[in-house]
Amino acid sequence: MAKGTIGRTPYSFAKQSLPAMIRFASPTEHIGHVDPSVAFQDHPASINIDPQIRTRVLPDDDDETDEAGSKKRLVVVRYFLDRPGYGLHNSAARLWFHPPAQVTPSDLLDFLLHQEIAQTNLLIEVHLDKFQSFMLLEACQSALIVWDFASASYEHPGVLNVRLTDVSPVARQAAMQALTTAAAAATTTPTTLQHANTTPIGLFSFCIMAGLESTALLSTMFGDSAISPTFFLSYGPFMLFFGGILQFTVATLQVFRNNIYGATAFYGFGCVWLASGVTQILELYFAVPGTRAHDILNSQDENSHSENDPVGKFIRTMFILSFVVALWIQTLSMNRLSSILILLLGVKLLFASLTGFFAPSMQYAQLVTGYLTSMFAFYVFLVEFTNNVYQRQVFDTYPWSKLHSPEEVFGAEGKIGTLHSQATRLRQAKYSSQPQRDPRAAMSSSQQQQQQQQQHGANNGNGGMESFTISEKEE
């Protein structure tokens, strides 16, 4: 049994046949005998590790060079899960026999995949010994980091420490695919699916429903002399389909575009019109004798009628108005068109909430602001639709900020990745996706030889640990 050190840690090694793979047994077992007859079979030999020492396997002969005369290298890859109580002090390990002299992140990923350590639900980070920090494997690839194990041997193996973090399987699979398919000095730009902007039809629905609501109010104020009663036969279906279902669909499609403002607004308005449409249809078509709706609508008590319930109407409208106020605040970072549109809607709702207390003056105010809201919504629809079709600013949207406001009239992008913890987001911080070229390619042969000699000298002074080189980004 021979003894030596890895860095400052003592270890011992036994001479045995070199297996293709090594399976580590339970730490509580003692060192056992490995049958040389099974060492080179497809099934790996089993080696039992004593927890007090480090064990490794050497070839049958003491010569640490292969048949071609090149030096045989050994790297210990230690890895652990990023969980409470886990760290390098209780990490697992794999022996990497004959790695490349210059190990790239792609080489390390291939080894981890072969050992079934790298999985689609794990984030891989490598410890940079000179910086005393972990770096994402993809970031190492982008930064052109190379680990130099030219001086690693069986007597003084190199060491790589890997930390594994649980992340989203989809995100990790995309990151691994980007690394394995990238070139040595560049990363692959992912292709994103583009979705059409559906806010114009949502704005047109907004325009029509504001106008129809004002028309219904006009019929209530002036009776059959202004609007025929047949208007209400189609008013309910319009609210249900053209107001509710259409705006709800628009909101759903805006989710895929990450338009947080458009999705929130159209989801809210769509649900309001769905509720109003269902109420109108139930009152008109299903309030038959014997139903609760029929009893309420035909009650002799004037306070039981919906139009004579000022307090209930005020409470309902105030909830909607608070939602509109929140929408208006967000428009101050967008453009003046959306700010004016939401402001008109808010004023109309304010008048509508007071019609039960101050009729008919508030009804006239609601009627005027309702038609103004409808007409201005049509103009906003025209601006948004035209600018999207012509793919340029045909109509000015009057943004509040030329630099920071969105180009769309009724849209604002939401934050991405906020469902992950801040620690996970920091470890997945975007690394440079710009193509990089290794400056060593432009060096002369004498410069390259001098750099290799400097690296060799550094390796001899680091106690057998690995060293790495970082290629500076080209300015």
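Source: prediction; values computed, not measured.

Quick notes on the rules
- Residue numbers here run from 1 along each chain, matching the order of that chain's written sequence.
- Given that this is a predicted model, residues contribute local features only at a pLDDT of at least 70 and side-chain atom pairs are listed and counted only at 80 or more, while totals for whole chains, interfaces and linings are drawn from all residues.
- Only hydrogens and water are set aside; all other atoms, that is, all heavy atoms of the structure, feed into the side-chain values.
- Comment: elements are numbered from the N terminus, with helices defined as DSSP H or I runs of at least four residues and strands as E runs of at least two.
- Classification of residues uses two cut-offs on accessible area relative to the type maximum, computed with a 1.4 Å probe and protein chains only: under 20% is buried, over 50% is exposed, and between them is partly exposed.
- The contact rule is simple, with two residues in contact once any of their heavy atoms fall within 4.5 Å.
- Only the protein chains shown count as cover for residues, and all accessible areas are computed by the Shrake-Rupley method using a 1.4 Å probe.
- In this scheme, patches are assembled from residues that exceed 30% relative accessible area and form no salt bridge. Like charges are connected within 9 Å, while nonpolar side chains (Val, Leu, Ile, Met, Phe, Trp, Tyr) are connected within 5 Å.
- Salt-bridge detection follows one rule: a side-chain nitrogen of Lys or Arg within 4 Å of a carboxyl oxygen of Asp or Glu.
- Each C-beta atom gives one direction from the helix axis, and the arc is the one those directions make.
- pLDDT is a residue-level measure of predictor confidence that goes from 0 to 100.
- Note: two strands are recorded as paired if DSSP finds a minimum of 2 bridges between them.
- Orientation is described by axes fitted as lines to C-alpha atoms, over the contacting stretch for helices, and by angles from 0 to 180 degrees between their N-to-C directions.
- Pairing of N or O atoms within 3.5 Å defines a polar contact, subject to two protein rules: one partner must be a possible hydrogen donor and the other a possible acceptor, and residues neighboring in sequence count only if both atoms are side-chain atoms.
- Centres within 6.5 Å are what make two rings of Phe, Tyr or Trp a pair, Trp counting through its six-membered ring; a difference in plane orientation under 30 degrees is then read as stacked, over 60 as edge-to-face, and the rest as tilted.
- Put simply, buried Ala, Val, Leu, Ile, Met, Phe, Trp, Tyr and Cys residues joined by side-chain atoms within 4.5 Å make one nonpolar core.

1. Considering the overall build of the protein
Here comes step 1: Helix and strand counts for the protein stand at 12 helices and 13 strands.
Here comes step 2: A burial count over the protein gives 39% of its 475 residues as buried.
Here comes step 3: Partitioning the intrachain contacts of the protein with sequence separation of at least 6 by distance along the chain shows that 69% fall at a separation of at least 24.
Here comes step 4: Accessible surface computed for the protein: about 26600 Å², of which carbon and sulfur atoms make up 59%.

2. Topic: a nonpolar patch on the surface
Here comes step 1: Taken together, L233, V278, L282, L284, Y285 and F286 make up a surface patch of nonpolar side chains, about 540 Å² in accessible area.
Here comes step 2: Mapped onto the elements of the fold, L282 is located in helix α6 (residues 260-285).
Here comes step 3: Residue classification places L282 among the partly exposed positions, given a relative accessible area of 43%.

3. Some points on helix α1 (residues 105-114)
Here comes step 1: Those residues of α1 that sit buried are P105, L108, L109, F111 and L112. Burial along α1 is one-sided: seen end-on, the buried residues are contained in an arc of 160°.
Here comes step 2: Of the residues trailing α1, E116 is marked for its positive phi of about 60°.

4. Quick word on the confidence of the model for the protein
Here comes step 1: Across the protein, the average pLDDT comes to 74, with 65% of residues at or above 70.
Here comes step 2: Mean pLDDT values over the elements of the protein span from 30, in strand β3 (residues 22-24), up to 96, in helix α9 (residues 336-353).
Here comes step 3: Between residues 183-192, whose pLDDT stays under 50, and residues either more than four places distant or in other chains, the model counts 17 contacts.
Here comes step 4: Here residues 456-475 scores under 50 on pLDDT; set against residues more than four positions off or in separate chains, the count is 46 contacts.

5. Details of the pattern of salt bridges
Here comes step 1: Tallied over the entire structure, the rule returns three salt bridges.
Here comes step 2: A salt bridge links E125 to R163, with the shortest nitrogen-to-oxygen separation between them at 3.1 Å. Placement of E125 in strand β9 (residues 122-128) and of R163 in strand β12 (residues 158-166) is noted, with a sequence separation of 38 residues between them. For the residue pair E125 and R163, the accessibility class agrees, reading buried in each case.
Here comes step 3: The partner of E213 in a salt bridge is K348, with the nearest N and O atoms 2.9 Å apart. Here K348 lies in helix α9 and E213 lies in helix α4 (residues 199-222), a separation of 135 residues in the sequence.
Here comes step 4: Overall, the relative accessible area of 26% leaves E213 in the partly exposed class.

6. So, the environment of T220
Here comes step 1: Here T220 is to be found in helix α4.
Here comes step 2: Exposure remark for T220: the relative accessible area of 55% places this residue in the exposed category.
Here comes step 3: Taking the C-alpha atoms as reference, T220 lies 9.7 Å from Q363; in sequence the two are 143 residues apart.

7. Some points on the sheet that holds strand β7 (residues 92-97)
Here comes step 1: Spatially, five strands are ordered β7-β6-β12-β9-β10 in an open sheet, and the strand pairing comes out mixed. Edge positions in the sheet fall to β7 and β10 (133-136), since each of these pairs with one other strand and no more. The average angle at which neighbouring strand axes cross in this sheet is 30°, direction not considered.
Here comes step 2: Looking at chain direction, strand β6 (residues 74-81) and β7 are connected through six bridges and run antiparallel. By the bridge assignment for β7, V76 is matched with L95.

8. Quick notes on the side chain of T198
Here comes step 1: Checked against the element boundaries, T198 lands in the loop between α3 (169-181) and α4.
Here comes step 2: Here the side chain of T198 touches Q254 through a polar contact of 2.7 Å, side chain to side chain.

9. Remarks on unusual backbone geometry
Here comes step 1: Note that the residue after A359, namely P360, is joined by a cis bond; omega there is 5°.
Here comes step 2: For P360, the position within the fold is in the loop between α9 and α10 (361-390).
Here comes step 3: Its identity is not glycine, yet L144 carries a phi of approximately 60°, on the positive side.
Here comes step 4: Of the residues examined, L144 reaches a relative accessible area of 9% and is grouped as buried.
Here comes step 5: The phi dihedral of Y398 falls on the positive side, at around 55°, and the residue is not glycine.
Here comes step 6: Here Y398 lies in the loop between α10 and α11 (422-427).
Here comes step 7: Relative accessible area serves as the criterion here: at 41%, Y398 is assigned to the partly exposed category.

10. Topic: the packing of aromatic side chains
Here comes step 1: Per the counting criterion, the structure on display carries 21 aromatic pairs.
Here comes step 2: Ring geometry for F238 against F242: centres 6.1 Å apart, planes inclined by 45°, an arrangement best described as tilted. With a gap of four residues between them, F238 and F242 both fall in helix α5 (residues 231-256), about one helical turn apart.
Here comes step 3: Its relative accessible area of 36% is what places F238 among the partly exposed residues.
Here comes step 4: A relative accessible area of 25% places F242 in the partly exposed class.
Here comes step 5: Between the aromatic rings of F269 and F323, the centroid separation amounts to 5.9 Å while the plane-to-plane angle is 85°, which identifies the pairing as edge-to-face. Linking F269 in helix α6 with F323 in helix α8 (residues 310-331), this pair joins segments that are 54 residues apart in sequence.

11. Examining the nonpolar core
Here comes step 1: Counting 26 residues, the largest nonpolar core has L203, Y261, F269, L341, V380 and F410 as its most contacted members.
Here comes step 2: Mapped onto this core, the elements with two or more residues apiece are α4, α5, α6, α8, α9 and α10.
Here comes step 3: In this structure Y261 touches L327, Q330, T331, M334, I342, F410, G411 and A412, once residues within four positions along its chain are discounted.
Here comes step 4: Residues W96, L122, A143 and V162 belong to the second largest nonpolar core, which totals 25 residues.

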